[in-house]
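# Close look at the chain arrangement
So you can see what is in the structure, the chains are spelled out below.
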2 protein chains.
Amino acid sequence: METMDFNKDLIAASSTPIVLAILAKKDSYGYAIIKRVQELSGGRMEWTDGMLYPVLHRLERLGYVEARWEVAGSGRRRKYYRITSRGKAHLTDERRQWQAVDATLRGIWKALSIFIPVGTAAFATPLPQGA
Amino acid sequence: METMDFNKDLIAASSTPIVLAILAKKDSYGYAIIKRVQELSGGRMEWTDGMLYPVLHRLERLGYVEARWEVAGSGRRRKYYRITSRGKAHLTDERRQWQAVDATLRGIWKALSIFIPVGTAAFATPLPQGA
DNA sequence: CAATATACATAGAAGTGTTAGGTATGTCAA
DNA sequence: TTGACATACCTAACACTTCTATGTATATTG
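Remember, it's a predicted structure, so these values are computed and weren't measured experimentally.

Calculation rules
Residues numbered from 1 in each chain as written. Chains lettered and ligands numbered in written order. Predicted model: local features only at pLDDT ≥ 70, side-chain atom pairs only at ≥ 80, totals over all residues. Near = placed C-beta within 6 Å. Helix = DSSP H or I, 4+ residues; strand = E, 2+ residues; numbered from the N terminus. pLDDT = per-residue confidence, 0-100. Contact = placed C-beta atoms within 7 Å. Nonpolar A, V, L, I, M, F, W, Y, C, P; charged D, E, K, R; others polar. Expected span 1.5 Å × (residues − 1). Bend = angle between axes of the 7 residues up to and from the residue. Buried ≥ 20, exposed ≤ 12 C-beta atoms within 10 Å, placed from the backbone. Pairing = 2+ DSSP bridges.

Moving on, we get to the protein's contact with DNA strand D. Taken together, 28 residues surround DNA strand D, and among them Tyr29, Gly30 and Gly50 of chain A together with Gly50 and Gly75 of chain B come closest. Of all elements in the fold, only α2 (30-40), α3 (49-61) and β3 (77-83) of chain A together with α1 (8-25) and α3 (49-61) of chain B reach the threshold of two or more residues within the surface near DNA strand D.

What follows covers the confidence of the model for chain A. Segments scoring low in pLDDT should not have their predicted coordinates read at a detailed level. All names here are of chain A. Counting all residues, the mean pLDDT for chain A is 87, and 85% of those residues have values of 70 or more. Here helix α4 (residues 85-112) is the element of chain A with the lowest mean pLDDT, 93, and strand β1 (residues 28-29) is the one with the highest, 97. Segment residues 119-126 is flagged for pLDDT under 50; beyond a separation of four residues in sequence, or across chains, it makes seven contacts in the model. Listed scores for the predicted complex are pTM 0.88 and ipTM 0.86.

Let us now look at the protein's contact with DNA strand C. The immediate surroundings of DNA strand C are formed by 28 residues, with Gly50 and Gly75 of chain A together with Tyr29, Gly30 and Gly50 of chain B found nearest. Listed by contribution, the elements that provide at least two residues to the surface near DNA strand C are α1 (8-25) and α3 of chain A together with α2 (30-40), α3 and β3 (77-83) of chain B. For the surface near DNA strand C, the class distribution of residues is 11 nonpolar, nine polar and eight charged.

Residues and elements named next belong to chain A. For α1, built from 18 residues, the straight-helix expectation of 26 Å at 1.5 Å per residue is met to within 8% by its first-to-last C-alpha distance of 26 Å. Of all the bends in α1, the greatest reaches close to 35° and is centred on Ser14; the proline Pro17 follows between one and four positions later. With 13 of its 18 residues buried, α1 lies for the most part within the structure.

It is worth spelling out the pairing of strand β2 (residues 65-71) of chain A at this point. Residue and element names in this part refer to chain A. Two elements, β2 and β3, share seven bridges in a ladder whose sense is antiparallel. Along β3, the bridge assignment pairs Ala67 with Tyr81. Counted along the chain from β2 to the antiparallel partner β3, the turn is five residues long, and its residue Gly75 has a positive phi close to 100°.

Spelled out as structure tokens, the structure:
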């Protein structure tokens, strides 16, 4: 699957829930999160580190995640992030918001599909969900 | 249904596709678009005019819509917007992007639902779709 | 005559990604 | 030894967008 270009605002809207959801599953660190997003999106999304690190710092400042330094077996320093209970609560809320907007959008699109064809089926390729 | 508060970036990400989709169905003007979004979201979304007008001006500047003045039977001036073919193409693209991100998010959430309960069923209330 | 709904518009503040740059270490091949 | 590459973190200037507040004007209703 080719990399897609995403609108800046769509990146902004999805970065927080995606990061929090990844961390809710398992503690992780910046570089690995970028790779994980790549996997989860089936190769569609390519995050830049210049985008992600400020996001992580913001989430930490807001108390949604906590950071700790670790040294990997490889010898490299990694900053691991863990989601807090506040972070989990926020994730639930963001999810609710996203789904409300999504339902609205799908409703309008459905009404349109008579006039404007959908074009490529965006999800013929199933997304991988393994650990 | 109560009004929900939406994250600023989520508003930013959804405003363009929502406006274009509404206009793809039928020409409309600012004030009516705000009311329409209210309807389409089942009362969840409340857009402010201070947000919408700059959006409409931007869409016009980008060539996605065209504006014309009309005077309603009521005597009030209205600025009607019509979607262009470029606007339709852009709408299709935005829709593809949204659905790609949505599929990714739903994938992560699904993997999480074992650990974090969904909470309220966000869509027990069906959304209205009438013209 | 006042209040409300309709209808448009703009300005400053605050927050965000993009792009570009910087630092440092480990692995691998030439 | 050297160079290239992946790993791993961080920050800054810039452009863009919403939010909040404010302003203008007209029609309807009580």
